[in-house]
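Close look at the chain arrangement
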Amino acid sequence: MRIVHNLSKDKLASLSLIIAVAIILVGICAPVFAPHDPNEVNMKLRYAGPSWEYLLGNDHLGRSVLSRLIYGIRPSMLWVLVALGISVGIGSVAGFIAGYFKGKADTVIMRLCDVMLSFPGYVMTLAVVGILGAGLTNIMIAFVVMKWAWFARVIRTSVMQYSEMDYVKFAQACGISHFKIITKHIIPVTLSDIAVIASGSMCSMILQISGLSFLGLGIQAPNAEWGMMLNEARGVMFTRPELMLAPGLAIVIVVSAFNFLADGLQVALDPQLRTSSKKLRTNEVEKSTYEYAGG
Amino acid sequence: MLKVEGIVKSYKTGGFFAKERQNILRNISFECGSGECLGIIGESGSGKSTLGRLVLGIEKPDRGTVRLNGENVLHRTVRLGHLSAVFQDYTSSINPYFTVEEAILEPITAQRKSRAEDRSKVELLLNQVGLNPSYMSKHAHELSGGEAQRVCIARAISTEPECIVLDEAVSSLDVSVQIQVLKLLKELKELYNMSYIFITHDLQAAAYICDRIIIFRDGQIEETVEAQRLKDVQSPYARKLLNSLITF
Ligand SMILES: Nc1ncnc2c1ncn2[C@@H]1O[C@H](COP(=O)(O)OP(=O)(O)OP(=O)(O)O)[C@@H](O)[C@H]1O
Ligand SMILES: [Mg+2]
C-alpha cells in the first residue's frame, strides 16, 4: 500500500502505470476494442487514408491499421510479459538458492549463469531461432533461456546482501526454518529490487521482439505484430510514411512507459528505512541494467 | 550445559581457485554452565564473532562440535527456543518492515502456535527491559540505539532460552546507556536463570557482568580466569590489556 501511495505522488510514473495497464487490458480484450478483423483483406481500400470507419487508415492489403495495432499488443506486450514472468520466476528461484544458501549451490548456479551470460543475447536468440525455426514460441523460449541467468545474477546479489543482515542471523540462531526466514525476511525486501529490474528489462524485451519480427523471425504473417507492421510499411516508407508512424509510436510509448515506471518504482520502493549500503547496490543493479541494454 | 569441543574454523582467502586458508579458530574448547556468564574477550579480528556464529549454529565448524545439553546445535530444532542472540549492530538487528511487537513475537511464534496471550506477553517483556508498552507499534527506525538494543534483548529472552550469545551487545551504545543495559542483563539473568556468552573487547564491561572470562587471542584461548581474580592473570597479553586499562 505504501508503494502505491509513493508511486501516486510521482505523476510521470503513475501516468506510465496507467498507460501500461490500459494497453494490457486493451490487448487482452482485443476482440472487443478492435473495430475490424485484423486479417480481413480488402484490396479496394489499399493504402487508404484515415477515415471514420478506419481511424488509422489501411495498409498494403487494405487491412485496418488500428485493429492490427490492437491485436499486435498481444505478441508485443502480453507474450513478452509471460516470457518475462517465467524468466523472473526461474531466475528468482536460482538466485534465492544461490544467495541464501551460498556454498556449493551458489558456485554451481553462478558458473552456469556465467556460461549463459557469456553468449551475446541477440546471437543466442538467433541461434535458437535458427535451430527451432522462426515463430513467436521459439523466440519466447530463447528469451527465457537467455534471461533467467541474468535475473538470477541480480537477484542473488540482492538476496546475499539481505541475508547478511543481523535480523536474519538472529532468526537463524533462534532455529526458525529457512523457508520461513526467506518468506518473512528476504522476499519482502528483495521484491522491490525484482520489480525494478523486471520492469526495466521489459523494455529491452519489447524492443527485441519487435526487432526480430521486423527481421521476419518472430511472429508469422498474417498475424499482427508491431515490428512486423513496421517491416510491411518499409516498402512505402517514402510515399506513405504515416504507415510506419502508428506501430513506431506504439513501441516508443510502451517502452517509455515501462522505462518511466521502472524509474518511478525505484524511487517509490526506496524508503528512508533503507541503509546507505542499499544505495550502493542499487547503483550496481542500475549499472548492470545499462550494460545489458547496451549489449 | 553448553559444551564447545575442539572447534576449528578457517576461511578461504583469495580467489576461487586459491588453496590457501586463513585459520580463524584453532582448536577451541570450553564449557558454559547453567546460569553462568562466560566472557570472551580479545582484540579486534581475533575471531570472537566467528566463534559466536559457530556457537549459534549459523555456520558450520570445519572440525569439532558445539553441544547444547548434549545435542549438536547445528540441528535447528535443538536451537529452537533454547538458544538466542543479541548482536552489536542495532540498526540491522530488527527487520525495518517489522513493528516492535512483530519482532519480539518472531521467536515465540516459531516455537508454538497459540496466539491468545501474545500481546500481554510482549507488554510484560517490554516492561522488563524498561520500555513503555506504547513502543509496541513502532518500527525500528523510530527507536534510539539504546531502545533498539533493549527491544533486541526483549526479543532474545522472549522464549526464556537457556543460553544467549551477546556479541558486542553494548559496545555501540553510549557509556551511560551501556551501564543501564548491563544492569538490565544482570537482573534478567537472575530472573530467568539463563547463561550468557558475553563477547566483547571491553574488559570493564566483562569484569562487571561475567563470572568467568576467557582471554582470546589469534583464534586461541590464552587464559581463563575467574572475574574476581582478574588482577592476577598470568599471560602477557592479558596483563597488557589490564595495564592499558589502568593507565587509561
Ligand atoms: N565470512 C568470512 N569470510 C572470510 N573471512 C572472515 C569471515 N568472517 C570473518 N572473517 C575473518 O575472520 C577474522 C576474525 O573475524 P571476527 O569477526 O571473528 O573478529 P572479531 O574478533 O569479532 O573482531 P571485532 O572485535 O572487530 O568484532 C577476521 O580477520 C576476518 O577477516
Ligand atoms: Mg566481532
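In the nomenclature of an unreviewed UniProt entry, chain B corresponds to ABC transporter ATP-binding protein from the organism Paenibacillus albidus. According to UniProt, the comment filed for chain B under the heading Sequence similarities (unreviewed entry) is "Belongs to the ABC transporter superfamily."

An unreviewed UniProt entry lists chain A under the name Nickel ABC transporter permease, with Paenibacillus albidus given as the organism. As recorded by UniProt, the Sequence similarities (unreviewed entry) comment attached to chain A reads in full: "Belongs to the binding-protein-dependent transport system permease family." Reading the Subcellular location (unreviewed entry) entry of the UniProt record for chain A gives the comment "Cell membrane".

As for the confidence of the model for chain B
A low pLDDT score tells you not to read the predicted coordinates there in detail. Confidence in the prediction of chain B, expressed as mean pLDDT, is 88, and 95% of residues score 70 or more. Overall fold confidence for the complex sits at a pTM of 0.82, while the interface term, ipTM, reaches 0.91.

As for the UniProt feature "transmembrane region" (unreviewed entry) in chain A
All names here are of chain A. UniProt's feature table lists "transmembrane region" (unreviewed entry) at residues 12–34, 77–101, 122–150, 194–222 and 243–262, given in the numbering used throughout. Helix makes up 90% of residues 122–150 and strand makes up 0%, while its end C-alpha atoms are separated by 14 Å. Helix makes up 72% of residues 194–222 and strand 0%, and the two end C-alpha atoms of the span are 36 Å apart.

Side note on the interface of chain A and chain B
In this assembly, 22 residues from chain A lie in contact with 27 residues from chain B. Carbon and sulfur atoms supply 63% of the area that chain A and chain B bury against each other, a total of about 2,300 Å² over both sides. Between chain A and chain B we count zero salt bridges in total. On inspection of chain A and its partner chain B, the count reaches seven residue pairs in polar contact (both at pLDDT 80 or more). Among the secondary structure elements, those contributing two or more residues to the side of chain A that touches chain B are helix 5 (103–117), helix 8 (166–173) and helix 9 (178–214) of chain A. Looking at the side of chain A that touches chain B element by element, the count peaks at seven residues for helix 8 of chain A. Classifying every residue of the side of chain A that touches chain B by side-chain character gives ten nonpolar, five polar and seven charged.

Some remarks on the sheet that holds strand 4 (residues 63–68) of chain B
All names here are of chain B. Read from one edge to the other, the open sheet built from four strands follows the order 2-1-4-5, with strand pairing classed as antiparallel. In this open sheet, the two edge strands, each paired with only one partner strand, are strand 2 (21–32) and strand 5 (71–72). Those strands touched by helix 1 (residues 48–55) are strand 1 (2–12), strand 2 and strand 4, and its axis lies near 120 degrees from that of strand 1.

Things to note about empty space enclosed by the protein
Under the defined criterion, the tally for this structure stands at five cavities of 30 Å³ or more. By volume, the largest cavity is sized at about 100 Å³. Tyr47(A), Asp59(A), His60(A), Val65(A), Arg68(A), Met229(A), Glu232(A), Ala233(A), Val236(A), Leu243(A) and Pro247(A) together form the lining of the largest cavity. Contributing elements (two or more residues each) for the lining of the largest cavity: helix 4 (65–101), helix 10 (226–234) and helix 11 (242–268) of chain A. Take the lining of the largest cavity: its biggest share by element is three residues, from helix 10 of chain A. In terms of residue class, the lining of the largest cavity is built from seven nonpolar, one polar and three charged. The calculated volume of the second largest cavity comes to roughly 50 Å³. Around the second largest cavity sit Ala171(A), Ile176(A), Lys180(A), Ile181(A), Lys184(A), His185(A), Glu106(B), Thr109(B) and Ala110(B), which together line it. Those elements that provide at least two residues to the lining of the second largest cavity are helix 9 of chain A together with helix 3 (100–111) of chain B.

Thresholds, definitions, all that
Residues numbered from 1 in each chain as written. Chains lettered and ligands numbered in written order. Predicted model: local features only at pLDDT ≥ 70, side-chain atom pairs only at ≥ 80, totals over all residues. Heavy atoms only, no water. UniProt positions renumbered as here; feature names shortened; annotations may be inferred. pLDDT = per-residue confidence, 0-100. Helix = DSSP H or I, 4+ residues; strand = E, 2+ residues; numbered from the N terminus. Contact = heavy atoms within 4.5 Å. Buried area = accessible area lost by both parts, 1.4 Å probe. Salt bridge = Lys/Arg side-chain N within 4 Å of Asp/Glu carboxyl O. Polar contact = N/O pair within 3.5 Å; in protein donor to acceptor, adjacent residues only side chain to side chain. Nonpolar A, V, L, I, M, F, W, Y, C, P; charged D, E, K, R; others polar. Pairing = 2+ DSSP bridges. Axes fitted to C-alpha atoms, helices over the stretch in contact; angles between N-to-C directions. 1 Å grid on protein atoms, 1.4 Å probe; cavity = no way out; pocket = protein on both sides within 12 Å on 5 of 7 lines; lining within 4 Å. Points joined across faces, edges and corners; volume = space filled by probe spheres on them.

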